[in-house]
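Notes for the structure review
Given next are the chains, with one letter for each unit.
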Amino acid sequence: MSSSSASSGPVSAPVPRPASDGPSSGGDTAPTVPAQAPSVEARSAPAARPAAEAGRTAPDEVRYTRPCVTELRLAAFARHRRARFRLGAVTLFAGASGSGKSSALRAYEALARLAGGARLGEVFADPVACVPQGALPDAQRRRGFRIGCTADGPGGPVRLDVAVQAEPELRIVGERLSAGGVVLLETALRDPGRRTVQAGWYTGGSTPVTRAPLPDDRLGTALLPLRVAGRTDGQRQVLAAAEQMVVALRSVFACDPQPDWMGVPVPTGSGRLLAGCDNLADVLWRTREECGRRHALLVAALSAGSTAPVVDLRAETLADGTVRALIDRADGSRTELARLGYGELRYVALALVLLTGPGVLDVDPVGEVPAAMQTLTLLADGLDRGLDPRQRGELLRLAVRMAERGHIRCVGTVGDGQWAARTEGVTVVDLGP
């Protein structure tokens, strides 16, 4: 159980620079980066990663065969200051209303969308709301926020830190990608009159760094495969780190089931589950036939969380061509999904998500990387909303079982984390009252 936050001075439009993870004498103006990290100009080969950087001792070091996000950093975002959260396979942010649970998930989702190539304005519809409360503008009337993460994988931990200016205009003003103590990509806003940032990425050859402008509304890390040739060892290291970060972030499904719509008959379509799960009947129409084994697991999960045994969950076609979902009970009765309660419908939807994959969910994974090398991450704000103790316990145990198989990771929020902390395999981040 862990949490981390601290208050600091005014937040100006920040640019990443080498700094320690602790408070700096210059105020809260830089994202957290590895202590004494060499700049992108460094010519030497990457140093071995110290065990302290990973937050664990070398003998117990975990090797990740698939890229995944293992730490979320909110240096200055919403109510968080200098916060670092370690993420396990199943992580729950717990705390009272207003403690910052939802904002942590918003930051994670924002990084995922930026890694997928989304523009800054599409990701942050209200960027001023992301600026820490009380942050004062600098002399140029600039205010901003900073977020970052660590993606672990076959190549070891890779760190990404992003500084965003929210006022007077939205733009990325600094970005840093680093691995093994070497800064592989660094960008900074040099000329406020231009809609670009100056970028430099590690080369490791006779010319230690390549410089070029990049757009100030896109994540530079996601653009590197289009700009780096990969001719030198240094360039290949940059590409490998960027790929690991993008793969770790891209396969994210932010799910918030909306029970008011889930029981309504829907037309058949793509068979890909939407974030609100309102097309659940259409997805069941597809998955029940395509994967009998996982469908059987879903039925078993529903039966475990229901007051009456469930023998099947299926979709049927109506006269107008739409489909509706039905539950078959052990006593021979049938119940339309529309007749289930609020918590029951959310339980059905979240269990379905945990037992499916990117081919069924409305996500955009990296097409060039085999699915076996990617890890889907479910983001579920209010994971326990509307669920009774039996349902939330069964759902959490299902999440742990699927995570152990390497099928999915889960990051959610709950009001009270005490019940979840008793479940083996769950990391609870307590944000307090």
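Since the structure is predicted, the reported quantities are computational estimates derived from the model, not experimental observations. (Residues numbered from 1 in each chain as written. Predicted model: local features only at pLDDT ≥ 70, side-chain atom pairs only at ≥ 80, totals over all residues. Heavy atoms only, no water.)

1. Some thoughts on the sheet that holds strand β3 (residues 90-94)
Strands sit in the order β10-β15-β16-β3-β17 across an open sheet of 5 strands; the sheet is parallel. Of all the strands in the sheet, just β10 (252-254) and β17 (427-430) have a single pairing partner and so form its edges. Pairs of neighbouring strands in the sheet enclose a mean axial angle of 15°, with direction left out of account. Two elements, β3 and β17, share 4 bridges in a ladder whose sense is parallel. Within β17, the residue paired with Thr-91 across the bridge is Thr-427. Docked against the sheet, helix α2 (residues 101-115) engages β3, β10, β15 (376-380) and β16 (408-414), running at close to 145° with respect to β16. (Pairing = 2+ DSSP bridges. Helix = DSSP H or I, 4+ residues; strand = E, 2+ residues; numbered from the N terminus. Axes fitted to C-alpha atoms, helices over the stretch in contact; angles between N-to-C directions. Contact = heavy atoms within 4.5 Å.)

2. Focus: unusual backbone geometry
With omega at 5°, the peptide bond leading from Glu-167 into Pro-168 counts as cis. Inspection of the secondary structure puts Pro-168 in the loop between β5 (158-167) and β6 (171-179). The phi torsion at Arg-82 lies on the positive side, around 50°, for a residue other than glycine. With respect to the helices, strands and loops of the structure, Arg-82 is situated in strand β2 (residues 80-86). Residue classification places Arg-82 among the buried residues on the basis of a relative accessible area of 15%. Positive phi, normally seen in glycine, also occurs at Cys-277, with a value near 60°. Of the residues examined, Cys-277 reaches a relative accessible area of 0% and is grouped as buried. (Buried < 20%, exposed > 50% of the residue type's maximum accessible area, 1.4 Å probe, protein only.)

3. Overview of helix α5 (residues 233-250)
End to end, α5 covers 26 Å across 18 residues, agreeing with the expected 26 Å (1.5 Å per residue, within 8%). Burial in α5 covers these residues: Gly-234, Gln-235, Val-238, Ala-241, Ala-242, Gln-244, Met-245, Val-246, Val-247, Ala-248, Leu-249 and Arg-250. (Expected span 1.5 Å × (residues − 1).)

4. Re the packing of aromatic side chains
The final tally for this structure, using the stated rule, is 3 aromatic pairs. Between Phe-124 and Phe-145, the aromatic rings sit 5.0 Å apart at their centres with planes inclined by 65°, giving edge-to-face as the arrangement. Linking Phe-124 in the loop between α3 (120-123) and β4 (143-152) with Phe-145 in strand β4, this pair joins segments that are 21 residues apart in sequence. By relative accessible area, which is 0% here, Phe-145 ends up buried. (Phe/Tyr/Trp six-rings, centres within 6.5 Å; stacked < 30°, edge-to-face > 60°.)

5. Overview of the pairing of strand β12 (residues 310-317)
Among the 8 residues that make up β12, 6 are buried, leaving the element largely enclosed by the rest of the structure. Bridge analysis of β12 against strand β13 (residues 322-329) gives 7 bridges, and the strand direction is antiparallel. Bridge pairing in β13 places Val-310 opposite Arg-329.

6. Section: the environment of Ala-242
Along the chain, Ala-242 turns up in helix α5. Take Ala-242: its relative accessible area is 0%, and that puts it in the buried class. Separated by 91 residues in sequence, Ala-242 and Ala-151 place their C-alpha atoms 9.9 Å apart. Ignoring anything within four residues of it in the chain, the contact list for Ala-242 reads Leu-177, Thr-221 and Leu-224.

7. Side note on the sheet that holds β4
Pairing is antiparallel in the open sheet, where 8 strands are placed in the order β2-β1-β4-β5-β6-β7-β8-β9. Pairing within the sheet leaves two strands with one partner each, and these edge strands are β2 and β9 (209-215). Looking at each pair of strands side by side, their axes are set apart by 15° on average, direction ignored. Helix-sheet contacts for α2 involve β1 (68-77), β2, β4 and β5, and the interaxial angle to β1 is about 115°.

8. Section: the confidence of the model for the protein chain
Taken as a whole, the protein chain shows an average pLDDT of 83; of its residues, 83% reach a score of 70 or greater. Here residues 1-61 is a poorly scored stretch, pLDDT under 50, and it has 155 contacts once near neighbours within four places are set aside; other chains count. (pLDDT = per-residue confidence, 0-100.)

9. Remarks on the packing of helix α7 (residues 280-290) against helix α9 (residues 342-354)
The contact between α7 and α9 brings their axes to 12 Å, and the two run at 40°. The angle between α7 and α9 places the two elements in the oblique class. You can see that α7 and α9 cross each other, and the crossing is left-handed. Here Leu-280, Val-283 and Leu-284 of α7 come into contact with α9, specifically with Val-348, Ala-349 and Leu-352. Partitioned by chemical class, the residues of the contact of α7 with α9 number 6 nonpolar, no polar and no charged. (Parallel < 35°, antiparallel > 145°, perpendicular 65-115°, else oblique. Left-handed = near helix turned anticlockwise from the far one by under 90°. Nonpolar A, V, L, I, M, F, W, Y, C, P; charged D, E, K, R; others polar.)

10. A look at α2
For α2, spanning 15 residues, the distance from its first C-alpha to its last is 22 Å, which sits close to the expected 21 Å at 1.5 Å a residue. In terms of residue burial, α2 counts as a mostly covered element, since 11 of its 15 residues are buried. The complete set of buried residues in α2 reads Lys-101, Ser-103, Ala-104, Leu-105, Ala-107, Tyr-108, Ala-110, Leu-111, Ala-112, Leu-114 and Ala-115. Taken from the residues just after α2, Gly-117 is the one with a positive phi, measuring 100°.

11. Topic: the packing of α2 against α5
Two elements in contact, α2 and α5, have axes separated by 8 Å at closest approach and are oriented at 120°. Accordingly, the angle class assigned to the pair α2 and α5 is oblique. Seen from above, α2 lies across α5 with left-handed handedness. Where α2 abuts α5, its residues Tyr-108, Leu-111, Ala-112 and Ala-115 lie against Val-246, Leu-249 and Arg-250. Here the residues of the contact of α2 with α5 are counted per class, giving 6 nonpolar, no polar and 1 charged.

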